[in-house]
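Commentary on secondary and tertiary structure
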Amino acid sequence: MPTPYTDIKNFYIDGQWVSPSEGYETICNPATEEIIGQAPLGGKPEVDLAIAAARNAFDNGPWPIMQMAERIEVIKRFRASIISRQDLIKQLLIEEVGAVHMLMNSAQFNGAIEAIDYAIALALKIEPEPIAIESKPNPFDPSAPDLLGAGVTLFEPYGVVVGITPYNYPFLLNIVKAVPALLTGNTVVIKPSQFTPFSGLLLAEIIIEAQLPNGVLSVVTGGPEVGAMLTEDPRVDLISFTGSDAVGSAILRQSASTLKKVHLELGGKSAMIVRHDADVVKAASLAAFSISLHAGQGCALLTRFLVHNSIRPAFAETVKAILDQLKIGDPQDPSVIVGPLIRESARAKTEYYVQLGIDSGANLIAGGKRPAHLEKGYFYEPTVFDNVDSTSRLAQEEVFGPIGVIIGFDTDEQAIHIANDSKFGLSGAVMSADRSAAFRIAQKLRTGGVAINGGTGDLYVKAPFGGYKSSGIGREFGPHWLKEYLLEKAITYPIG
Ligand code: NAD
(Lines give C-alpha, C1' and ligand atoms only; values in the text may rest on other atoms or scores of the structure.)
Protein backbone atom coordinates (compact mmCIF):
# COMPACT_ATOMS: atom_id res chain seq x y z
CA MET A 1 0.00 0.00 0.00
CA PRO A 2 1.46 3.43 -0.88
CA THR A 3 2.39 5.67 2.04
CA PRO A 4 -0.53 8.00 2.84
CA TYR A 5 -0.27 11.58 1.55
CA THR A 6 2.78 10.90 -0.64
CA ASP A 7 0.63 11.56 -3.71
CA ILE A 8 0.55 15.31 -2.87
CA LYS A 9 2.30 16.96 -5.80
CA ASN A 10 1.44 20.66 -5.36
CA PHE A 11 1.27 23.40 -2.74
CA TYR A 12 -2.04 24.76 -1.55
CA ILE A 13 -1.58 28.53 -1.25
CA ASP A 14 -4.30 31.19 -1.05
CA GLY A 15 -7.09 28.82 -2.07
CA GLN A 16 -5.27 27.43 -5.12
CA TRP A 17 -3.06 24.49 -6.00
CA VAL A 18 0.36 25.69 -7.17
CA SER A 19 2.90 23.46 -8.91
CA PRO A 20 6.42 23.54 -7.46
CA SER A 21 8.99 25.82 -9.10
CA GLU A 22 11.94 23.69 -7.96
CA GLY A 23 10.62 20.28 -8.98
CA TYR A 24 10.53 17.33 -6.62
CA GLU A 25 12.67 15.78 -3.93
CA THR A 26 12.89 12.06 -3.24
CA ILE A 27 11.77 11.09 0.25
CA CYS A 28 12.68 7.72 1.75
CA ASN A 29 11.53 5.61 4.67
CA PRO A 30 14.45 5.68 7.14
CA ALA A 31 13.70 2.15 8.37
CA THR A 32 13.81 0.53 4.91
CA GLU A 33 15.64 3.10 2.76
CA GLU A 34 12.81 2.62 0.24
CA ILE A 35 11.49 5.64 -1.65
CA ILE A 36 8.05 6.60 -0.37
CA GLY A 37 7.39 9.58 -2.63
CA GLN A 38 8.49 12.66 -4.53
CA ALA A 39 7.72 15.78 -2.51
CA PRO A 40 7.22 19.16 -4.16
CA LEU A 41 10.12 21.51 -3.54
CA GLY A 42 9.39 25.19 -3.07
CA GLY A 43 11.47 28.17 -4.12
CA LYS A 44 11.23 31.94 -4.35
CA PRO A 45 7.88 32.04 -6.23
CA GLU A 46 6.08 29.94 -3.59
CA VAL A 47 7.69 31.83 -0.71
CA ASP A 48 6.55 35.08 -2.31
CA LEU A 49 3.07 33.80 -2.96
CA ALA A 50 2.60 32.37 0.55
CA ILE A 51 3.87 35.52 2.31
CA ALA A 52 1.82 37.81 0.04
CA ALA A 53 -1.28 35.70 0.75
CA ALA A 54 -0.65 35.73 4.50
CA ARG A 55 0.02 39.48 4.42
CA ASN A 56 -3.16 40.15 2.47
CA ALA A 57 -5.23 37.85 4.71
CA PHE A 58 -3.92 39.73 7.72
CA ASP A 59 -4.10 43.29 6.38
CA ASN A 60 -7.38 43.02 4.49
CA GLY A 61 -9.06 39.77 5.52
CA PRO A 62 -11.52 38.96 8.25
CA TRP A 63 -9.21 36.66 10.25
CA PRO A 64 -7.50 39.09 12.66
CA ILE A 65 -10.69 41.01 13.37
CA MET A 66 -12.97 38.02 13.85
CA GLN A 67 -14.28 37.38 17.35
CA MET A 68 -12.18 34.84 19.26
CA ALA A 69 -15.23 32.54 19.45
CA GLU A 70 -15.46 32.50 15.63
CA ARG A 71 -11.79 31.61 15.21
CA ILE A 72 -12.18 28.88 17.82
CA GLU A 73 -15.02 27.39 15.76
CA VAL A 74 -12.72 27.21 12.72
CA ILE A 75 -9.93 25.60 14.76
CA LYS A 76 -12.42 23.07 16.14
CA ARG A 77 -13.28 22.11 12.56
CA PHE A 78 -9.54 21.89 11.84
CA ARG A 79 -9.18 19.53 14.83
CA ALA A 80 -12.10 17.39 13.67
CA SER A 81 -10.53 17.07 10.19
CA ILE A 82 -7.30 15.87 11.78
CA ILE A 83 -9.09 13.33 13.97
CA SER A 84 -10.98 11.91 10.99
CA ARG A 85 -7.62 11.24 9.28
CA GLN A 86 -5.67 10.02 12.29
CA ASP A 87 -4.95 6.50 11.04
CA LEU A 88 -3.51 7.83 7.78
CA ILE A 89 -1.45 10.49 9.55
CA LYS A 90 -0.02 7.94 11.99
CA GLN A 91 0.87 5.62 9.11
CA LEU A 92 2.68 8.47 7.38
CA LEU A 93 4.59 9.28 10.59
CA ILE A 94 5.76 5.65 10.80
CA GLU A 95 7.05 5.68 7.24
CA GLU A 96 8.28 9.24 6.83
CA VAL A 97 9.73 9.88 10.31
CA GLY A 98 10.49 6.34 11.52
CA ALA A 99 8.25 6.96 14.54
CA VAL A 100 7.46 3.89 16.67
CA HIS A 101 3.84 3.06 17.61
CA MET A 102 4.44 3.81 21.28
CA LEU A 103 5.20 7.45 20.38
CA MET A 104 1.93 7.97 18.45
CA ASN A 105 -0.10 7.93 21.64
CA SER A 106 2.16 10.55 23.12
CA ALA A 107 4.06 13.31 21.38
CA GLN A 108 3.94 12.28 17.70
CA PHE A 109 0.17 12.41 17.29
CA ASN A 110 -1.92 12.64 20.47
CA GLY A 111 0.30 15.47 21.72
CA ALA A 112 -0.87 17.58 18.77
CA ILE A 113 -4.51 17.09 19.75
CA GLU A 114 -3.76 17.90 23.40
CA ALA A 115 -1.94 21.03 22.25
CA ILE A 116 -4.94 22.17 20.18
CA ASP A 117 -7.33 21.63 23.09
CA TYR A 118 -5.08 23.48 25.50
CA ALA A 119 -4.55 26.38 23.07
CA ILE A 120 -8.34 26.71 22.68
CA ALA A 121 -8.74 26.76 26.48
CA LEU A 122 -6.13 29.52 26.71
CA ALA A 123 -7.67 31.51 23.86
CA LEU A 124 -10.94 31.69 25.76
CA LYS A 125 -9.14 33.50 28.58
CA ILE A 126 -7.59 36.27 26.46
CA GLU A 127 -9.30 39.51 27.41
CA PRO A 128 -8.27 43.15 27.66
CA GLU A 129 -6.64 43.88 31.03
CA PRO A 130 -7.39 47.08 32.98
CA ILE A 131 -4.50 49.41 33.86
CA ALA A 132 -4.96 50.60 37.45
CA ILE A 133 -6.28 54.09 38.16
CA GLU A 134 -3.57 56.50 39.26
CA SER A 135 -3.71 60.07 40.51
CA LYS A 136 -0.72 62.36 39.81
CA PRO A 137 0.07 66.05 40.20
CA ASN A 138 -0.40 67.96 36.95
CA PRO A 139 3.22 68.38 35.68
CA PHE A 140 2.30 71.45 33.60
CA ASP A 141 0.33 73.31 36.24
CA PRO A 142 1.14 72.41 39.88
CA SER A 143 -1.69 74.63 41.08
CA ALA A 144 -4.26 72.68 39.02
CA PRO A 145 -6.11 69.70 40.51
CA ASP A 146 -4.32 66.36 40.35
CA LEU A 147 -4.79 64.29 37.19
CA LEU A 148 -6.68 61.01 37.42
CA GLY A 149 -5.89 58.49 34.73
CA ALA A 150 -6.45 54.84 33.85
CA GLY A 151 -6.33 52.61 30.82
CA VAL A 152 -6.58 49.22 29.27
CA THR A 153 -4.08 46.77 27.76
CA LEU A 154 -5.23 45.17 24.53
CA PHE A 155 -3.70 42.01 23.07
CA GLU A 156 -3.30 42.14 19.31
CA PRO A 157 -1.84 39.71 16.77
CA TYR A 158 1.64 40.37 15.35
CA GLY A 159 0.67 39.82 11.72
CA VAL A 160 2.41 37.25 9.52
CA VAL A 161 3.99 34.38 11.47
CA VAL A 162 6.48 31.95 9.94
CA GLY A 163 6.85 28.57 11.67
CA ILE A 164 9.98 26.58 10.81
CA THR A 165 10.06 23.03 12.14
CA PRO A 166 12.49 20.09 12.49
CA TYR A 167 12.08 16.49 11.38
CA ASN A 168 11.78 14.63 14.67
CA TYR A 169 8.18 15.48 15.68
CA PRO A 170 7.01 17.11 12.45
CA PHE A 171 3.25 16.80 12.71
CA LEU A 172 3.17 17.84 16.38
CA LEU A 173 5.44 20.83 15.82
CA ASN A 174 3.66 22.07 12.67
CA ILE A 175 0.45 22.10 14.72
CA VAL A 176 2.16 23.63 17.75
CA LYS A 177 3.37 26.53 15.59
CA ALA A 178 0.20 27.03 13.53
CA VAL A 179 -2.63 26.71 16.04
CA PRO A 180 -1.69 29.24 18.77
CA ALA A 181 -0.67 31.74 16.08
CA LEU A 182 -3.98 31.29 14.24
CA LEU A 183 -6.14 31.42 17.36
CA THR A 184 -4.61 34.76 18.29
CA GLY A 185 -5.48 36.22 14.87
CA ASN A 186 -2.16 35.92 13.06
CA THR A 187 -1.77 34.44 9.59
CA VAL A 188 0.80 31.69 9.16
CA VAL A 189 3.30 30.13 6.76
CA ILE A 190 4.79 26.79 7.85
CA LYS A 191 8.07 25.44 6.51
CA PRO A 192 8.58 21.81 7.53
CA SER A 193 11.91 19.97 7.48
CA GLN A 194 13.15 18.85 4.08
CA PHE A 195 13.24 15.28 5.49
CA THR A 196 9.55 15.23 6.49
CA PRO A 197 7.64 17.36 3.96
CA PHE A 198 4.50 15.22 3.71
CA SER A 199 3.74 15.64 7.45
CA GLY A 200 3.31 19.34 6.59
CA LEU A 201 1.81 19.12 3.11
CA LEU A 202 -1.06 16.96 4.40
CA LEU A 203 -2.42 20.05 6.16
CA ALA A 204 -3.74 21.29 2.79
CA GLU A 205 -6.64 18.82 2.87
CA ILE A 206 -7.41 19.83 6.44
CA ILE A 207 -7.27 23.56 5.63
CA ILE A 208 -9.74 23.01 2.80
CA GLU A 209 -12.11 20.82 4.79
CA ALA A 210 -12.06 23.13 7.83
CA GLN A 211 -12.72 26.14 5.53
CA LEU A 212 -9.90 28.33 6.76
CA PRO A 213 -10.10 31.65 4.90
CA ASN A 214 -7.73 31.90 1.93
CA GLY A 215 -4.13 32.81 2.74
CA VAL A 216 -4.53 32.29 6.49
CA LEU A 217 -2.38 29.13 6.59
CA SER A 218 0.03 27.87 3.92
CA VAL A 219 2.77 25.26 3.86
CA VAL A 220 5.91 25.65 1.73
CA THR A 221 8.43 22.80 1.74
CA GLY A 222 12.11 22.98 0.97
CA GLY A 223 15.47 23.17 2.68
CA PRO A 224 17.56 25.88 4.34
CA GLU A 225 17.26 28.24 1.32
CA VAL A 226 13.47 28.34 1.65
CA GLY A 227 13.84 28.88 5.42
CA ALA A 228 16.32 31.69 4.81
CA MET A 229 14.00 33.47 2.34
CA LEU A 230 11.15 33.34 4.83
CA THR A 231 13.23 34.72 7.69
CA GLU A 232 14.74 37.55 5.64
CA ASP A 233 11.44 38.84 4.28
CA PRO A 234 10.34 42.24 5.63
CA ARG A 235 6.65 41.28 5.28
CA VAL A 236 7.05 38.68 8.06
CA ASP A 237 6.47 39.89 11.64
CA LEU A 238 7.36 36.88 13.79
CA ILE A 239 9.39 33.72 13.33
CA SER A 240 8.77 30.74 15.55
CA PHE A 241 11.58 28.27 15.02
CA THR A 242 12.26 24.83 16.43
CA GLY A 243 15.56 23.20 15.52
CA SER A 244 19.27 23.22 16.22
CA ASP A 245 21.17 26.00 18.02
CA ALA A 246 23.33 26.55 14.92
CA VAL A 247 20.30 27.25 12.72
CA GLY A 248 18.63 29.27 15.50
CA SER A 249 21.67 31.52 15.56
CA ALA A 250 21.64 31.78 11.73
CA ILE A 251 17.97 32.80 11.88
CA LEU A 252 18.74 35.59 14.34
CA ARG A 253 21.37 36.90 11.88
CA GLN A 254 19.15 36.46 8.82
CA SER A 255 16.24 38.28 10.41
CA ALA A 256 18.26 41.04 12.09
CA SER A 257 18.06 43.64 9.32
CA THR A 258 14.26 43.39 9.11
CA LEU A 259 13.75 43.54 12.92
CA LYS A 260 11.15 40.94 13.67
CA LYS A 261 10.31 38.94 16.76
CA VAL A 262 12.17 35.62 16.86
CA HIS A 263 11.07 32.76 19.10
CA LEU A 264 13.61 29.92 19.30
CA GLU A 265 13.15 26.37 20.64
CA LEU A 266 16.59 24.78 20.29
CA GLY A 267 18.68 21.79 21.27
CA GLY A 268 19.91 20.41 24.56
CA LYS A 269 22.32 18.16 26.40
CA SER A 270 20.19 17.61 29.45
CA ALA A 271 21.49 16.13 32.68
CA MET A 272 19.88 13.67 35.08
CA ILE A 273 21.33 13.84 38.59
CA VAL A 274 21.09 10.49 40.37
CA ARG A 275 21.71 11.00 44.09
CA HIS A 276 23.14 8.29 46.38
CA ASP A 277 19.65 7.59 47.78
CA ALA A 278 17.90 7.24 44.38
CA ASP A 279 15.98 4.17 43.24
CA VAL A 280 18.68 2.77 40.93
CA VAL A 281 16.32 0.69 38.79
CA LYS A 282 13.97 3.63 38.25
CA ALA A 283 16.87 5.96 37.39
CA ALA A 284 18.48 3.42 35.06
CA SER A 285 15.13 2.78 33.33
CA LEU A 286 14.69 6.50 32.74
CA ALA A 287 18.22 6.73 31.34
CA ALA A 288 17.72 3.74 29.03
CA PHE A 289 14.36 5.12 27.91
CA SER A 290 15.81 8.56 27.30
CA ILE A 291 18.61 7.51 24.96
CA SER A 292 16.50 5.01 23.02
CA LEU A 293 13.26 7.01 22.67
CA HIS A 294 12.98 7.97 18.99
CA ALA A 295 16.60 6.76 18.65
CA GLY A 296 17.73 9.73 20.74
CA GLN A 297 16.17 12.25 18.35
CA GLY A 298 14.54 14.41 20.99
CA CYS A 299 15.57 17.88 22.12
CA ALA A 300 14.70 17.43 25.80
CA LEU A 301 15.92 13.86 26.22
CA LEU A 302 18.33 13.21 29.08
CA THR A 303 21.76 12.35 27.70
CA ARG A 304 24.14 13.15 30.56
CA PHE A 305 23.74 10.87 33.57
CA LEU A 306 25.44 12.34 36.62
CA VAL A 307 25.52 9.46 39.07
CA HIS A 308 26.74 9.39 42.68
CA ASN A 309 29.95 7.34 42.66
CA SER A 310 28.62 4.97 45.38
CA ILE A 311 25.92 3.64 43.02
CA ARG A 312 27.55 4.28 39.65
CA PRO A 313 28.54 0.60 38.98
CA ALA A 314 25.02 -0.63 39.81
CA PHE A 315 23.46 2.11 37.67
CA ALA A 316 25.72 1.31 34.68
CA GLU A 317 25.01 -2.41 34.93
CA THR A 318 21.25 -1.87 35.13
CA VAL A 319 21.17 0.54 32.17
CA LYS A 320 23.02 -2.03 30.07
CA ALA A 321 20.68 -4.84 31.15
CA ILE A 322 17.61 -2.78 30.20
CA LEU A 323 19.04 -1.70 26.84
CA ASP A 324 19.79 -5.35 25.98
CA GLN A 325 16.02 -6.03 26.18
CA LEU A 326 14.85 -3.29 23.83
CA LYS A 327 13.67 -4.34 20.40
CA ILE A 328 15.25 -2.37 17.54
CA GLY A 329 13.69 -2.45 14.11
CA ASP A 330 11.13 -1.22 11.60
CA PRO A 331 8.43 0.80 13.44
CA GLN A 332 5.75 -0.93 11.31
CA ASP A 333 6.07 -3.64 13.98
CA PRO A 334 4.13 -2.33 17.01
CA SER A 335 6.44 -4.12 19.45
CA VAL A 336 9.52 -2.17 18.26
CA ILE A 337 10.81 0.33 20.81
CA VAL A 338 13.84 1.75 18.99
CA GLY A 339 13.37 2.95 15.43
CA PRO A 340 15.87 4.36 12.95
CA LEU A 341 17.71 7.66 12.71
CA ILE A 342 16.33 9.90 10.01
CA ARG A 343 19.15 9.62 7.43
CA GLU A 344 22.60 8.13 6.90
CA SER A 345 24.10 11.54 7.81
CA ALA A 346 22.49 11.35 11.28
CA ARG A 347 23.88 7.85 11.80
CA ALA A 348 27.33 8.97 10.59
CA LYS A 349 27.22 11.80 13.16
CA THR A 350 26.37 9.29 15.91
CA GLU A 351 29.25 7.06 14.81
CA TYR A 352 31.59 10.04 14.81
CA TYR A 353 30.77 10.78 18.47
CA VAL A 354 31.11 7.12 19.44
CA GLN A 355 34.62 7.16 17.97
CA LEU A 356 35.38 10.36 19.92
CA GLY A 357 34.30 8.56 23.10
CA ILE A 358 36.46 5.54 22.36
CA ASP A 359 39.46 7.71 21.49
CA SER A 360 39.07 9.70 24.73
CA GLY A 361 39.39 6.53 26.81
CA ALA A 362 35.78 6.55 28.08
CA ASN A 363 34.38 3.11 28.91
CA LEU A 364 31.89 1.86 26.29
CA ILE A 365 29.40 -0.25 28.26
CA ALA A 366 26.51 -0.70 25.80
CA GLY A 367 25.88 -0.45 22.07
CA GLY A 368 28.54 1.25 20.00
CA LYS A 369 27.58 -0.40 16.71
CA ARG A 370 24.90 -0.90 14.07
CA PRO A 371 22.50 -3.73 14.93
CA ALA A 372 23.79 -6.84 13.16
CA HIS A 373 20.32 -8.18 12.28
CA LEU A 374 19.22 -5.11 10.27
CA GLU A 375 20.76 -4.78 6.82
CA LYS A 376 18.66 -1.84 5.67
CA GLY A 377 17.68 1.32 7.52
CA TYR A 378 19.62 3.92 9.48
CA PHE A 379 19.63 2.03 12.75
CA TYR A 380 22.12 2.34 15.59
CA GLU A 381 22.20 0.56 18.93
CA PRO A 382 21.53 2.72 22.00
CA THR A 383 25.01 3.41 23.32
CA VAL A 384 26.34 4.31 26.76
CA PHE A 385 29.79 5.38 27.88
CA ASP A 386 30.83 5.36 31.53
CA ASN A 387 33.56 7.40 33.19
CA VAL A 388 33.24 10.27 30.74
CA ASP A 389 35.10 13.56 31.19
CA SER A 390 32.36 16.18 31.58
CA THR A 391 34.37 18.73 29.62
CA SER A 392 34.86 16.40 26.59
CA ARG A 393 33.05 17.03 23.30
CA LEU A 394 31.05 13.82 23.82
CA ALA A 395 29.69 15.24 27.09
CA GLN A 396 29.18 18.79 25.81
CA GLU A 397 27.79 18.59 22.27
CA GLU A 398 24.31 17.58 21.16
CA VAL A 399 24.53 14.35 19.12
CA PHE A 400 20.82 13.88 18.43
CA GLY A 401 21.40 10.16 18.29
CA PRO A 402 21.09 7.32 20.84
CA ILE A 403 24.10 8.12 23.04
CA GLY A 404 24.28 8.69 26.78
CA VAL A 405 27.27 9.43 29.00
CA ILE A 406 27.74 8.55 32.67
CA ILE A 407 29.72 11.00 34.80
CA GLY A 408 30.43 10.34 38.49
CA PHE A 409 30.12 12.80 41.38
CA ASP A 410 30.48 12.79 45.18
CA THR A 411 28.52 15.81 46.44
CA ASP A 412 25.32 17.61 45.42
CA GLU A 413 27.35 20.77 44.78
CA GLN A 414 29.58 18.90 42.36
CA ALA A 415 26.55 17.45 40.56
CA ILE A 416 24.94 20.89 40.22
CA HIS A 417 28.20 22.33 38.91
CA ILE A 418 28.61 19.59 36.28
CA ALA A 419 24.95 19.83 35.23
CA ASN A 420 25.24 23.58 34.72
CA ASP A 421 28.59 23.31 32.94
CA SER A 422 26.91 23.25 29.52
CA LYS A 423 26.07 25.83 26.90
CA PHE A 424 22.56 24.32 26.80
CA GLY A 425 19.76 24.58 29.37
CA LEU A 426 16.64 22.84 28.08
CA SER A 427 15.58 20.17 30.55
CA GLY A 428 16.94 18.15 33.44
CA ALA A 429 16.09 15.56 36.06
CA VAL A 430 16.84 14.73 39.67
CA MET A 431 16.35 11.28 41.16
CA SER A 432 16.36 11.02 44.94
CA ALA A 433 14.45 9.54 47.86
CA ASP A 434 14.82 12.92 49.56
CA ARG A 435 12.28 15.06 47.70
CA SER A 436 13.28 18.28 49.43
CA ALA A 437 16.93 17.79 48.49
CA ALA A 438 15.80 17.05 44.92
CA PHE A 439 13.69 20.22 44.88
CA ARG A 440 16.61 22.34 46.13
CA ILE A 441 18.85 20.92 43.40
CA ALA A 442 16.13 21.56 40.78
CA GLN A 443 16.03 25.22 41.85
CA LYS A 444 19.75 25.53 41.16
CA LEU A 445 19.74 24.05 37.65
CA ARG A 446 19.91 26.63 34.86
CA THR A 447 17.38 24.90 32.63
CA GLY A 448 13.84 25.55 31.42
CA GLY A 449 12.47 22.46 33.15
CA VAL A 450 13.44 19.82 35.71
CA ALA A 451 11.61 16.54 36.36
CA ILE A 452 11.91 15.12 39.86
CA ASN A 453 11.73 11.31 40.10
CA GLY A 454 10.43 10.98 36.55
CA GLY A 455 8.13 14.02 36.56
CA THR A 456 4.94 13.43 34.64
CA GLY A 457 6.81 11.22 32.22
CA ASP A 458 5.45 12.73 29.02
CA LEU A 459 4.74 15.83 26.99
CA TYR A 460 2.93 18.09 29.42
CA VAL A 461 1.26 20.93 27.55
CA LYS A 462 0.25 22.76 30.73
CA ALA A 463 3.92 23.24 31.67
CA PRO A 464 5.93 25.98 29.94
CA PHE A 465 8.60 24.46 27.70
CA GLY A 466 11.75 26.16 26.46
CA GLY A 467 15.37 26.84 27.06
CA TYR A 468 17.83 28.78 29.13
CA LYS A 469 21.15 29.78 27.53
CA SER A 470 21.71 28.32 24.02
CA SER A 471 18.57 26.18 24.24
CA GLY A 472 16.30 28.98 23.16
CA ILE A 473 14.39 32.20 23.57
CA GLY A 474 10.73 32.14 24.58
CA ARG A 475 8.33 29.45 25.76
CA GLU A 476 5.93 27.08 24.09
CA PHE A 477 2.98 25.60 26.05
CA GLY A 478 2.19 26.62 29.63
CA PRO A 479 -0.29 29.29 30.73
CA HIS A 480 1.42 32.18 28.84
CA TRP A 481 1.85 30.30 25.55
CA LEU A 482 -0.52 32.39 23.44
CA LYS A 483 1.02 35.65 24.65
CA GLU A 484 4.09 34.74 22.54
CA TYR A 485 1.90 35.53 19.52
CA LEU A 486 0.32 38.70 20.85
CA LEU A 487 1.47 42.30 21.05
CA GLU A 488 0.45 44.38 24.04
CA LYS A 489 -1.10 47.76 23.34
CA ALA A 490 -1.70 50.20 26.20
CA ILE A 491 -4.52 52.73 25.72
CA THR A 492 -4.63 55.32 28.49
CA TYR A 493 -7.11 58.12 29.17
CA PRO A 494 -7.97 60.68 31.79
CA ILE A 495 -10.97 59.92 33.94
CA GLY A 496 -13.03 62.24 36.05
P1 NAD B 1 17.77 21.91 11.92
O2 NAD B 1 18.11 23.08 12.77
O3 NAD B 1 18.83 21.33 11.07
O4 NAD B 1 16.54 22.27 10.94
C5 NAD B 1 15.33 22.75 11.44
C6 NAD B 1 14.58 23.49 10.34
O7 NAD B 1 15.32 24.66 9.98
C8 NAD B 1 14.40 22.71 9.05
O9 NAD B 1 13.10 22.96 8.56
C10 NAD B 1 15.45 23.29 8.14
O11 NAD B 1 15.16 23.18 6.77
C12 NAD B 1 15.44 24.74 8.56
N13 NAD B 1 16.65 25.52 8.26
C14 NAD B 1 17.92 25.07 8.13
N15 NAD B 1 18.77 26.10 7.89
C16 NAD B 1 18.01 27.23 7.88
C17 NAD B 1 18.28 28.61 7.71
N18 NAD B 1 19.52 29.04 7.50
N19 NAD B 1 17.26 29.49 7.79
C20 NAD B 1 16.00 29.08 8.03
N21 NAD B 1 15.67 27.78 8.18
C22 NAD B 1 16.66 26.86 8.12
O23 NAD B 1 17.16 20.82 12.92
P24 NAD B 1 16.75 19.31 12.66
O25 NAD B 1 17.98 18.51 12.36
O26 NAD B 1 15.59 19.22 11.73
O27 NAD B 1 16.17 18.93 14.11
C28 NAD B 1 17.00 18.61 15.18
C29 NAD B 1 17.26 19.81 16.08
O30 NAD B 1 16.03 20.37 16.52
C31 NAD B 1 17.99 19.40 17.35
O32 NAD B 1 18.98 20.36 17.64
C33 NAD B 1 16.91 19.40 18.40
O34 NAD B 1 17.37 19.56 19.72
C35 NAD B 1 16.04 20.52 17.94
N36 NAD B 1 14.68 20.42 18.48
C37 NAD B 1 14.31 21.30 19.47
C38 NAD B 1 13.04 21.20 20.03
C39 NAD B 1 12.59 22.15 21.10
O40 NAD B 1 11.38 22.28 21.31
N41 NAD B 1 13.48 22.83 21.80
C42 NAD B 1 12.14 20.23 19.57
C43 NAD B 1 12.56 19.36 18.57
C44 NAD B 1 13.84 19.47 18.02
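Residues numbered from 1 in each chain as written. Predicted model: local features only at pLDDT ≥ 70, side-chain atom pairs only at ≥ 80, totals over all residues. Heavy atoms only, no water.

Remarks on the sheet that holds strand S15 (residues 383–386)
On the basis of which strands lie adjacent, the open sheet formed by 7 strands has the order S14-S15-S16-S13-S12-S17-S18 and mixed pairing. For this open sheet the edge positions go to strand S14 (363–366) and strand S18 (451–452), each flanked by a neighbour on one side alone. With 3 bridges joining them, S15 and strand S16 (residues 403–409) adopt parallel strand pairing. In the sheet register, Phe385 faces S16, and the bridge partner there is Val405. Strands strand S12 (270–274), strand S13 (302–308), S15, S16 and strand S17 (428–431) of the sheet are contacted by helix H11 (residues 280–292), whose axis makes an angle of about 160° with S13. (Pairing = 2+ DSSP bridges. Helix = DSSP H or I, 4+ residues; strand = E, 2+ residues; numbered from the N terminus. Contact = heavy atoms within 4.5 Å. Axes fitted to C-alpha atoms, helices over the stretch in contact; angles between N-to-C directions.)

Quick look at the layout of surface pockets
Here the second largest pocket defines a volume of roughly 350 Å³. The class makeup of the residues in the lining of the second largest pocket is 12 nonpolar, 3 polar and 3 charged. (1 Å grid on protein atoms, 1.4 Å probe; cavity = no way out; pocket = protein on both sides within 12 Å on 5 of 7 lines; lining within 4 Å. Points joined across faces, edges and corners; volume = space filled by probe spheres on them. Nonpolar A, V, L, I, M, F, W, Y, C, P; charged D, E, K, R; others polar.)

Some details on the packing of helix H3 (residues 86–97) against helix H4 (residues 101–108)
Two elements in contact, H3 and H4, have axes separated by 10 Å at closest approach and are oriented at 110°. Relative to H4, H3 is oriented roughly perpendicular. Two packed elements cross with a definite hand, and for H3 against H4 that hand is right-handed. In this structure, H3 uses Lys90, Leu93, Ile94 and Val97 to contact H4, whose residues at the interface are His101, Met104, Asn105 and Gln108. (Parallel < 35°, antiparallel > 145°, perpendicular 65-115°, else oblique. Left-handed = near helix turned anticlockwise from the far one by under 90°.)

A short note on the packing of helix H2 (residues 68–84) against helix H5 (residues 110–123)
At their nearest, the axes of H2 and H5 sit 11 Å apart, and the two run at 170° to each other. Overall, the two elements H2 and H5 adopt an arrangement that is roughly antiparallel. For the pair H2 and H5, contact is made by Met68, Ile72, Ile75, Lys76, Arg79, Ile82 and Ile83 and by Ile113, Ile116, Asp117, Ile120 and Ala123, respectively. Of the residues in the contact of H2 with H5, the class split is 9 nonpolar, no polar and 3 charged.

Comments concerning the domain arrangement of the protein
Taken domain by domain, the protein comprises domain 1 (11–128 + 155–266 + 474–489) and domain 2 (270–459). Measuring from the centre of the C-alpha atoms in domain 1 to the corresponding centre in domain 2 gives 31 Å. Each side of the interface is counted separately: domain 1 has 32 residues, and domain 2 has 30 residues. Carbon and sulfur atoms make up 60% of the surface buried where domain 1 meets domain 2, a total of about 2600 Å² over both sides. Our enumeration of links across domain 1 and domain 2 arrives at 1 salt bridge. Viewed at the interface, domain 2 and domain 1 are joined by 12 residue pairs in polar contact (both at pLDDT 80 or more). Residues that form the side of domain 1 that touches domain 2 fall into these classes: 17 nonpolar, 9 polar and 6 charged. (Domains from an automatic or database assignment. Buried area = accessible area lost by both parts, 1.4 Å probe. Salt bridge = Lys/Arg side-chain N within 4 Å of Asp/Glu carboxyl O. Polar contact = N/O pair within 3.5 Å; in protein donor to acceptor, adjacent residues only side chain to side chain.)

As for the side chain of Asp233
Structurally, Asp233 is set in the loop between helix H9 (224–232) and strand S10 (238–242). By relative accessible area, Asp233 is classed as buried at 10%. Beyond its immediate sequence surroundings of up to four residues, Asp233 is in contact with Ile51, Thr258 and Lys260. (Buried < 20%, exposed > 50% of the residue type's maximum accessible area, 1.4 Å probe, protein only.)

Quick word on the sheet that holds strand S8 (residues 187–191)
In a beta sheet, neighbouring strands are held together by backbone hydrogen bonds and run either parallel or antiparallel to one another. Within the open sheet, the 6 strands sit side by side as S9-S8-S7-S10-S11-S19. Their pairing is mixed. Either end of the sheet is taken by a strand with one partner, and the two such strands are strand S9 (217–219) and strand S19 (472–473). Here S10 pairs with strand S11 (residues 261–265) via 5 bridges, running parallel. Following the sheet pairing, Phe241 is matched in S11 by Leu264. Along the sheet, helix H6 (residues 170–183) contacts strand S7 (160–164), S8, S9, S10 and S11; its crossing angle with S8, the most-contacted strand, is approximately 170°.

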